[in-house]
Amino acid sequence: SILALLLSFLCLGIFLFVAKSAANPAIDLSIFRNMNFTGAIVGSIGMNMSFWPLMIYLPIYFQRILGYDSLMTGICMLAYSLPTLLFPPLGERLSLRFRPANVIPFGLLVIGAGFGLLWWAGNVAGAGWLTMLPGLVVSGMGIGITNTPVTNTSTASEISKVGMASGIHMSSRMITLAINIALMGLILVESIAYQISSFVSLSSDNRSALAQDIISGNEVAVLNTVEPGLIKQALAFGFNTVVLYGAISVLVMALISFLFFRRAAGSR
């Protein structure tokens with residue numbers, strides 16, 4: 001609700017005020033003057049605005065839109081998650097050769113490219129696991145390349161404050177992940193509700209309630225209002241909008257991260 005959002009901003013303002021004025025704050029805001037550290041944190045945020053929260057919603061696409069069972073959905077999810085285990089060594093080697101300042105924005109760009117492929121696959125007629133496969137694999141490659149350099153850079157940039165740096169890094173991951181899981185869910189619901197409005201005439205509240213029923217698979221409530229073919233169409237539109245949000249977000253974070261690292265290099 002709006003009240004909860006306002007209270008959140010108020011609490012954030014109080015926290016920042018205390019952190020700036022306290023003698024020994026839990027978070028010393030001066031640490032963000034280190035542009036390498038800040039660039040790495042932006043990289044961490046980029047990963048958690050795109051790849052990780054989408055993992056919550058991909059099974060909905062495979063099961064509700066493509067009609068796959070649990071086993072096939074799990075196999076498809078492996079194409080998304082397995083590269084995250086295979087590519088970190090490559091990310092480490094790239095960092096040693098080309099520096100994290102280049103590898104982190106590059107890795108975010110790869111994630112963005114993967115999301116672009118997923119968005120394309122979602123708009124192709126007769127989409128299936130084969131059309132989704134390139135986007136799933138490329139996204140996983142990007143996160144595998146990015147993750148290790150982000151962790152190493154954020155914790156090694158401030159040796160005298162390594163504990164605080166590590167805490168900020170983990171907090172930024174968890175907070176942005178939680179926010180973007182909720183935000184992607186909101187985008188999914190509202191996108192489906194928007195698409196439904198072109199099929200049936202309902203109030204805003206009823207459209208949102210119907211969109212939630214579609215996502216949860218409440219067929220009894222949905223089929224009384226919307227035809228099965230239109231349900232799948234609305235779901236596909238909602239999923240594609242979520243993927244587009246992830247693609248834009250991670251590409252913006254790639255640019256911001258690159259600018260912070262460039263500023264760090266220019267200050268030497």
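Now for a look at the structure at hand. (Residues numbered from 1 in each chain as written. Predicted model: local features only at pLDDT ≥ 70, side-chain atom pairs only at ≥ 80, totals over all residues. Heavy atoms only, no water.)

What follows concerns the overall build of the protein. When helices and strands are tallied, the protein shows 12 helices and 0 strands. Along the protein, helices and strands appear, N-terminal first, in the series α-α-α-α-α-α-α-α-α-α-α-α. If one aligns the C-alpha atoms of the protein with their principal axes, the spans along those axes are about 65 × 45 × 30 Å. Burial statistics for the protein: of 268 residues in total, 43% are counted as buried. In the protein, the share of contacts with a sequence separation of at least 24, taken over all contacts with a separation of at least 6, comes to 77%. Carbon and sulfur atoms form 69% of the exposed surface of the protein, whose accessible area is close to 13,600 Å². Of the charged side chains in the protein, 13 are positive and 9 negative, and the gap between their average positions amounts to 20 Å. (Helix = DSSP H or I, 4+ residues; strand = E, 2+ residues; numbered from the N terminus. Buried < 20%, exposed > 50% of the residue type's maximum accessible area, 1.4 Å probe, protein only. Contact = heavy atoms within 4.5 Å. Areas by Shrake-Rupley, 256 points an atom, 1.4 Å probe, with all protein chains shown as cover. Lys, Arg positive; Asp, Glu negative; His and termini not counted. Charge placed at Lys NZ, Arg CZ, Asp CG, Glu CD.)

Let's shift gears to the packing of helix α4 (residues 70–81) against helix α8 (residues 129–156). Helix-helix packing is characterised by the crossing angle of the two axes and by the distance between the axes. In the contact formed by α4 and α8, the axes pass within 7 Å of each other and the chain directions differ by 40°. It follows that α4 is oblique to α8 by the angle criterion. Taken together, the residues of α8 that come into contact with α4 (itself represented by Met72, Cys76, Ala79 and Tyr80) are Trp129, Leu133, Leu136, Val137, Ser139 and Gly140. Across the contact of α4 with α8, the residue classes tally to 8 nonpolar, 2 polar and no charged. (Axes fitted to C-alpha atoms, helices over the stretch in contact; angles between N-to-C directions. Parallel < 35°, antiparallel > 145°, perpendicular 65-115°, else oblique. Nonpolar A, V, L, I, M, F, W, Y, C, P; charged D, E, K, R; others polar.)

Below, the discussion takes up the packing of α8 against helix α9 (residues 162–196). Interaxial distance between α8 and α9 falls to 8 Å at its minimum, and their mutual angle equals 140°. With respect to their mutual orientation, α8 and α9 come out oblique. Every residue of α9 that contacts α8 at Asn147, Val150, Thr151, Ser154 and Thr155 is listed here: Val162, Ala165, Ser166, His169 and Arg173. Of the residues belonging to the contact of α8 with α9, the class tally is 3 nonpolar, 6 polar and 1 charged.

Our focus in this paragraph is unusual backbone geometry. Look at Arg99: it is not a glycine, yet its phi comes out positive at around 75°. Relative to the helices and strands, Arg99 resides in the loop between α6 (88–98) and α7 (100–123). In this structure Arg99 comes out as partly exposed when scored by relative accessible area, which is 39%.

Membership of the largest hydrophobic core comes to 54 residues, with the highest contact counts inside it found for Leu54, Leu58, Phe62, Met132 and Ile192. Looking at this core, the elements that each hand over two or more residues are α2 (35–47), α3 (51–65), α4, α7, α8, α9, α10 (204–216) and α12 (228–266). The contacts of Leu58, once residues within four sequence positions are left out, are Met77, Tyr80, Met132, Leu136 and Phe239. With 5 residues, the next largest nonpolar core counts Phe37, Ile41, Ala165 and Ile168 among its residues. (Core = buried A, V, L, I, M, F, W, Y, C linked by side-chain atoms within 4.5 Å.)

Looking now at the side chain of Ser95. Tracing the sequence through the fold places Ser95 in helix α6. A polar contact is formed between the side chain of Ser95 and the backbone oxygen of Gly91, at a distance of 3.0 Å. Those residues in contact with Ser95 that lie beyond four places of it in its chain are Pro100, Val103 and Pro149. (Polar contact = N/O pair within 3.5 Å; in protein donor to acceptor, adjacent residues only side chain to side chain.)

Turning our eyes to something else, we now look at the packing of aromatic side chains. Scanning the model with the defined rule gives 7 aromatic pairs in all. Ring centres of Phe51 and Trp52 lie 4.8 Å apart, and the angle between their planes is 90°; on these two criteria the pair is classed as edge-to-face. Since its relative accessible area comes to 0%, Phe51 is described here as buried. Ring centres 6.0 Å apart and planes at 75° place the aromatic pair Tyr61 and Phe62 in the edge-to-face group. With relative accessibility at 2%, the residue Tyr61 sits in the buried group. Exposure remark for Phe62: the relative accessible area of 0% places this residue in the buried category. (Phe/Tyr/Trp six-rings, centres within 6.5 Å; stacked < 30°, edge-to-face > 60°.)

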